[in-house]
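Residue strings, one per chain:
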Amino acid sequence: MKKPTVDDSCVAEYKSDMNGVRRSTVHVILAAYVMCGTAVAVDGDHGLMPMPARVEFRSDSLSIGDQLTIELVGHTEPRLDRAVDRFVEHLSAHTGTAIRRTKPEHGKDAVLRIDCQGRGQAVQTYDEDESYSLNVSSHRAVLRAATPVGVLRGLATLEQLLQRDGNKFTLPEVRIEDRPRFPWRGLLIDVCRHWQPMPVIKRNLDAMAAVKLNVLHLHLTEDQGFRVESKRFPRLHEMGSDGKYFTQDELREIVAYAHDRGIRVVPEFDMPGHTTSWLVGHPELAAGVGPFQIERRWGVFDPCFDPTKESLYEFLDEFFAEMTPLFPDPFVHIGGDEVNGNLWRENPRIQSFMRDNQLPDAHALQAYFNRRVAAILANHGRKLIGWDEILHEDLPANCVVQSWRGADSLRAAIDQGFNAVLSNGYYLDHQLSAAFHYQNDPDPTGKVSRDRHRSRVLGGEACMWGEYVSPETIDSRIWPRLVAIAERLWSPRSVNDVNDMYRRLGHVSRQLDRLGPRHRKNYAVMLQRLAGTHSIEPVRVLADVLEPVKLYLRSSAREYTSETLLNRMVDVARPESEAAREFLISVRRFLSGPKSRTDQFESIRKRLTTWRDNHKPFRSVANDSSLLVEVEPVSYHLKLVAEVGLNALDLLVSNRRRDSEWQAKAVQVLDTAAEPRAELVITVIPAVKELVAATSKTE
Ligand code: ACM
């Protein structure tokens, strides 16, 4: 699949990620956040993420014992009760104590009072009121919200507030007033390129709820798989899925599970391109001649619908009649991306239809198709959303445009009067840093939100495209980086301190680990598989400082198909190395002046020594592992990098004179080591380069 062209600004921004570390202070600061222009000081050592719109910590705290009296007042419904049960379960998991939910004795206050003032929307949509207030004092906590969804958001905050104080657990005394900045905060999961079964979806929904995301966009049909059971057209899933699809009962279960957590499910049926899997069982819908096979490779392919056939619209009408009751959300996503139009251009009948209908090009024919599909969806009570290729003056005004090819397409859509959702800059499969995504704002100047377009930027959606993820690896490609995007979409624009984001991200990553995602757990499992019967330690030391190559470099490194196993080091290495980020911070502290020099020297030396000395034990493991053979040169280059770093450190502490020949050689070693090998990059090189550069400044 062709992906957004990587323009210079993307790469430049990516390269500048680490500069954010230098620009900001390293120590946790007491930050001020605003709502309605009021600055409020917040405690610097909490794990709240996304940061609430307004939060004010005080000095006292509320003890949480093993009996927690909880009272639900106002509007009640079963999902609120279930949410409270989950909340108590999560507290138990956190504290390691069996906390029991009890009712307050007659006439006594509950420790937690939840006041839900109304029932909210019958079918949650993007203008659901998600606001809540939370008031924790030394004797009780009160959570108030206008709707059940607001209560869910408040419980998510309350869960993150729990703190350990020796053997006691407490909630800090705090007042919070909170509401989201954007109403559409989503995650796309592609279940087509690689099949992602129910447990993957459920554990990701749990994690999404914890960070207040509210849209699961399921990419359900693709060239590589048709992942939905159709009783009306069973050949779709029977012939287009290799038996890997959601049954209708499972889809209802996903929707109910998401609804319980205040999350909408928007289904995507990508058309008129990316439709090979439909055509395997239904070649009559195609613009070209079959037979068609499920696609096994990645890319953009010719097979597509023939928009000139009336029978196509009859088919889609029946198909959506079957699908829309399964997905109550007001929106159905029809994809619309990457239609190359080759088969339309080659087909004289289609060309003649285009002439007769004054459709000058493939884009106009696609717009004709989109209008017809929008009308079908409207008949089934649904609105259309699609990728930014659907943008056209003939598109009905209530359609939503999802911008992926560039932030310009978001602007173009709102300028033409459409509501829009930003995904450009939120592609998790690009393997970029949390800081990169964090700095990508749907409304970077804050101006759009103030002018007449205010409501048109609905928010954003992170995209987890599935070419290079298996059920084993997908969580580590989503989490914890998605939390940074969740904060960008929920919290005020002024919440933008990158270092403080990373500090809180660490807390939340551990919290999510308890909730179900396997982003941390599977790291150890996969390392052990690489190490076989050996100790995983040398493999871990290396993996900790590696990252997979970025953007789409992986696709040009070798021929991948849907059958290629995703179990190599490149699949284990995390998209963003925490060890490298911390090392860079240490190096910058060390270089910032004599005072921090002594603090940091030992720790930098220790890490460089570990990396240098790791090569030997790593080699013995790699000798016994066919999966690790390709990584041996990476380990060797890490050793060289570490040696250069240790030399630079020696020069710096002994304040010896600059040696330009040594420096040139060192840079050459580092540049060679920086070349990708086995689709991996060594992440500590920029920090070692800073050490080397600093040697020229010594007298
Ligand atoms: C897309 O990435 N083709 C929407």
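One can find the structure itself at the top, above this paragraph.
Residues numbered from 1 in each chain as written. Predicted model: local features only at pLDDT ≥ 70, side-chain atom pairs only at ≥ 80, totals over all residues. Heavy atoms only, no water.

**Student:** I tried to follow the overall build of the chain on my own but got confused; where do I start?
**Tutor:** Secondary structure summary: the chain contains 27 helices and 21 strands in total. Counting only C-alpha atoms and orienting by the principal axes, one finds that the chain spans roughly 80 × 75 × 55 Å. The 699 residues of the chain split such that 60% are buried. Taking contacts inside the chain between residues at least 6 apart in sequence as the whole, the part at least 24 apart equals 75%. Of the roughly 27700 Å² of accessible surface on the chain, 49% is carried by carbon and sulfur atoms. Seen as two clouds, the 91 positive and the 96 negative side-chain charges of the chain have centres 5 Å apart. (Helix = DSSP H or I, 4+ residues; strand = E, 2+ residues; numbered from the N terminus. Buried < 20%, exposed > 50% of the residue type's maximum accessible area, 1.4 Å probe, protein only. Contact = heavy atoms within 4.5 Å. Areas by Shrake-Rupley, 256 points an atom, 1.4 Å probe, with all protein chains shown as cover. Lys, Arg positive; Asp, Glu negative; His and termini not counted. Charge placed at Lys NZ, Arg CZ, Asp CG, Glu CD.)

**Student:** Sorry, what's going on with the pairing of strand S18 (residues 419–422) here?
**Tutor:** The two faces of the sheet receive side chains in turn, since in a regular strand these alternate between them. Here S18 shows a buried face lined by Asn419 and Val421 and a second buried face lined by Ala420 and Leu422. One ladder, built from four bridges, connects strand S17 (residues 400–403) with S18; its direction is parallel. Looking at S18, one finds that Val400 is bridged to Asn419. Remark: the S17/helix H13 (residues 407–415)/S18 crossover connection has right-handed handedness. (Pairing = 2+ DSSP bridges. Right-handed = clockwise from strand over helix to strand, strands pointing away.)

**Student:** Looking at this model, I keep getting lost on the pattern of salt bridges. Mind explaining?
**Tutor:** Pairing of side chains with opposite charge becomes possible as their charged atoms draw close. One pass over the structure, following the stated rule, counts 51 salt bridges. Ionic pairing is found between Arg296 and Asp242, a salt bridge with its closest N-O pair at 2.8 Å. One end of the pair, Arg296, is in the loop between helix H8 (276–281) and helix H9 (310–323); the other, Asp242, is in the loop between helix H6 (235–240) and helix H7 (248–260), with 54 residues separating them in the sequence. Asp613 is the salt-bridge partner of Arg612, the closest N and O atoms lying 2.8 Å from each other. Residue Arg612 is classed as partly exposed on the basis of its relative accessible area of 30%. (Salt bridge = Lys/Arg side-chain N within 4 Å of Asp/Glu carboxyl O.)

**Student:** Please explain the nonpolar core as it appears in this structure.
**Tutor:** Within soluble globular proteins, side chains that are nonpolar generally end up buried alongside one another. Counting residues in hydrophobic clusters, the biggest one holds 144 residues, and the most contacted among them are Leu155, Phe269, Trp278, Leu316, Phe319, Phe320 and Trp479. By residue number, the principal contributor to this core is helix H12 (residues 362–379), which donates nine residues. Once residues lying within four places of it in the same chain are set aside, the contact partners of Trp278 are Thr221, Phe226, Leu236, Phe269, Asp270, Met271, Phe305, Phe315, Leu316 and Phe319. In terms of nonpolar packing, the next biggest core, distinct from the first, is built from 54 residues, Ile536, Val545, Leu546 and Leu628 among them. (Core = buried A, V, L, I, M, F, W, Y, C linked by side-chain atoms within 4.5 Å.)

**Student:** Would you take a moment to explain the side chain of Asp337 for this structure?
**Tutor:** Mapped onto the secondary structure, Asp337 falls in the loop between strand S15 (331–333) and helix H10 (342–346). Lacking a salt bridge, the buried Asp337 has Arg193 as its closest oppositely charged neighbour, with an N-O distance of 6.0 Å. Of note is the side chain of Asp337, whose polar atom sits 3.4 Å from the side chain of His274. (Polar contact = N/O pair within 3.5 Å; in protein donor to acceptor, adjacent residues only side chain to side chain.)

**Student:** Help me understand the pairing of strand S8 (residues 141–145) in this model?
**Tutor:** Within S8, four of the five residues are buried, which leaves the element mostly enclosed by the surrounding structure. Here strand S6 (residues 112–116) runs beside S8; their pairing, made up of five bridges, is parallel. Bridge pairing links Cys116 to Ala145 in S8. Of the pairings in the sheet, the one linking strand S7 (residues 132–136) to S8 comprises five bridges and is antiparallel in character. Its bridge partner being in S8, Ser133 is matched across the sheet by Arg144. Linkage of S7 to S8, two consecutive antiparallel strands, is achieved through a turn of four residues.

**Student:** Before we go on, may I ask you to explain the packing of helix H24 (residues 615–623) against helix H25 (residues 632–654) in this structure?
**Tutor:** A pair of packed helices is characterised by two quantities: the angle between their axes and the separation of those axes. One way to put it is that H24 packs onto H25 with a least axis distance of 10 Å and a crossing angle of 175°. The pairing of H24 with H25 is recorded here as roughly antiparallel in orientation. Contacts from His615, Phe618, Arg619 and Asn623 in H24 reach Glu632, Ser635, Tyr636 and Lys639 in H25. Partitioning the contact of H24 with H25 into residue classes produces two nonpolar, three polar and three charged. (Axes fitted to C-alpha atoms, helices over the stretch in contact; angles between N-to-C directions. Parallel < 35°, antiparallel > 145°, perpendicular 65-115°, else oblique. Nonpolar A, V, L, I, M, F, W, Y, C, P; charged D, E, K, R; others polar.)

**Student:** Explanation requested: the packing of H25 against helix H26 (residues 660–673) in the structure shown.
**Tutor:** With their axes 9 Å apart at the nearest point, H25 and H26 run at an angle of 150° to one another. When the axis of H25 is compared with that of H26, the two are roughly antiparallel. H25 and H26 meet at a crossing whose hand is left-handed. Facing His637, Leu640, Val641, Val644, Asn647, Ala648 and Leu651 of H25, the residues of H26 in contact are Trp662, Ala666, Val669, Leu670, Thr672 and Ala673. Looking at the contact of H25 with H26 residue by residue, the class counts come to ten nonpolar, three polar and no charged. (Left-handed = near helix turned anticlockwise from the far one by under 90°.)

**Student:** Explanation requested: the environment of Asp60 in the structure shown.
**Tutor:** Examined against the element boundaries, Asp60 turns out to sit in strand S3 (residues 54–64). Counting along the chain gives 404 residues from Asp60 to Met464, while the straight-line C-alpha distance between them is 42 Å. In contact with Asp60, other than residues within four places in its own chain, are Ser138, Pro172 and Glu173.

**Student:** Explain the packing of aromatic side chains to me, please; I cannot follow it from the model alone.
**Tutor:** Geometry of an aromatic ring pair is reported as the spacing of the ring centres plus the angle between the planes. Applying the stated criterion to the full structure yields 22 aromatic pairs. Ring centres of Phe226 and Trp278 lie 5.0 Å apart, and the angle between their planes is 85°; on these two criteria the pair is classed as edge-to-face. Placement of Phe226 in strand S13 (residues 225–226) and of Trp278 in helix H8 is noted, with a sequence separation of 52 residues between them. Assigned by exposure class, Phe226 and Trp278 land together as buried. Consider the rings of Phe353 and Tyr368, whose centres lie 5.4 Å apart with planes at 65°: the pair is edge-to-face. Taken together, the residues span a long stretch of sequence, with Phe353 in helix H11 (residues 348–356) and Tyr368 in helix H12 at a distance of 15 residues. With respect to class, Phe353 is no different from Tyr368; both count as buried. (Phe/Tyr/Trp six-rings, centres within 6.5 Å; stacked < 30°, edge-to-face > 60°.)

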